[in-house]
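# Geometric and topological summary
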Amino acid sequence: TWIDEVYPDAEPGSIEVAILESRDTPEASLRCDGMNTIVELSNKVSVVQTVGGVKDNATAQSAMENIMQVNPDIKVVLCYNSGGGMGVNEFVMRQGSPVSDPSKFAVFASDTDEASLDLVAKSATDEAVLRGIIKFGSNDLIGDTYNLAKKMISGESYEVMNPDPLTKVTPENVAEIQ
């Protein structure tokens, strides 16, 4: 994982994490519940701040300004969506940012768009800190869902599949997604 690569000797609980949530639907709440499992995935982390209602760039930047005043040692931010992730990236990369070394800071989010994919690509050279995104759906989600539903309705045999798979997008595979 990024944490293990960048902080191989980190003590348990020493990597401070902030979570920027949005729990406005049942599905959104499940996504946020998933982000909170980071403490189960790595004993090196501790969640020190959780801020709700963050779904866009401006709100994420504002949240980060407040978070970093109270917890200036945060190294990882998990965001509900790419809009929040891009806002955190802008906050960290701007002149005068409290983050002195972007190579030691990471943002992870969900949902993809061209701007967020570009930032993930740039994170390979530390020109951005949005280091990973979870992409929902195939490259043709509408078509795949239609074709599956058509087979189901017409009684044709079909392969049981999830037309909305999750894909981890990192600097290593972002070119395949773009």
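Attention here is on the structure that accompanies the text.

What counts, and at which threshold
- Residues numbered from 1 in each chain as written.
- Predicted model: local features only at pLDDT ≥ 70, side-chain atom pairs only at ≥ 80, totals over all residues.
- Heavy atoms only, no water.
- Patch = residues over 30% accessible without salt bridge, like charges linked within 9 Å, V, L, I, M, F, W, Y side chains within 5 Å.
- Areas by Shrake-Rupley, 256 points an atom, 1.4 Å probe, with all protein chains shown as cover.
- Salt bridge = Lys/Arg side-chain N within 4 Å of Asp/Glu carboxyl O.
- Helix = DSSP H or I, 4+ residues; strand = E, 2+ residues; numbered from the N terminus.
- Buried < 20%, exposed > 50% of the residue type's maximum accessible area, 1.4 Å probe, protein only.
- Core = buried A, V, L, I, M, F, W, Y, C linked by side-chain atoms within 4.5 Å.
- Contact = heavy atoms within 4.5 Å.
- Axes fitted to C-alpha atoms, helices over the stretch in contact; angles between N-to-C directions.
- Parallel < 35°, antiparallel > 145°, perpendicular 65-115°, else oblique.
- Left-handed = near helix turned anticlockwise from the far one by under 90°.
- Nonpolar A, V, L, I, M, F, W, Y, C, P; charged D, E, K, R; others polar.

### Observations concerning a nonpolar patch on the surface
Together, Met152, Ile153, Tyr158 and Val160 make up a nonpolar patch on the protein surface, roughly 480 Å² of accessible area in all. Secondary-structure assignment places Met152 in helix H7 (residues 141-154). Classification of Met152 as partly exposed rests on a relative accessible area of 47%.

### Observations concerning the nonpolar core
Of all hydrophobic cores here, the largest spans 28 residues; its most connected members are Leu20, Met64, Val77, Val88, Phe105, Val107 and Leu130. Looking at this core, the elements that each hand over two or more residues are strand E1 (15-20), helix H4 (57-70), strand E3 (74-79), helix H5 (82-93), strand E4 (106-110), helix H6 (114-122) and strand E5 (130-136). The element contributing the most residues to this core is H4, with 5 residues. When neighbours within four sequence positions are excluded, Val77 is seen to be in contact with Ala18, Leu20, Met64, Val88, Phe105, Ala106, Val107 and Phe108. In terms of nonpolar packing, the next biggest core, distinct from the first, is built from 16 residues, Tyr7, Val17, Ala28 and Met35 among them.

### With respect to the packing of H4 against H5
Between H4 and H5, the least distance of the axes is 7 Å, while the angle of their chain directions is 50 degrees. When the axis of H4 is compared with that of H5, the two are oblique. Here H4 runs over H5; the crossing is right-handed. For the pair formed by H4 and H5, the contact residues are Asn57, Ala60, Gln61, Met64, Glu65 and Met68 on the first element and Gly83, Gly84, Met86, Gly87, Val88, Glu90 and Phe91 on the second. When grouped by side-chain class, the residues that make up the contact of H4 with H5 number 6 nonpolar, 5 polar and 2 charged.

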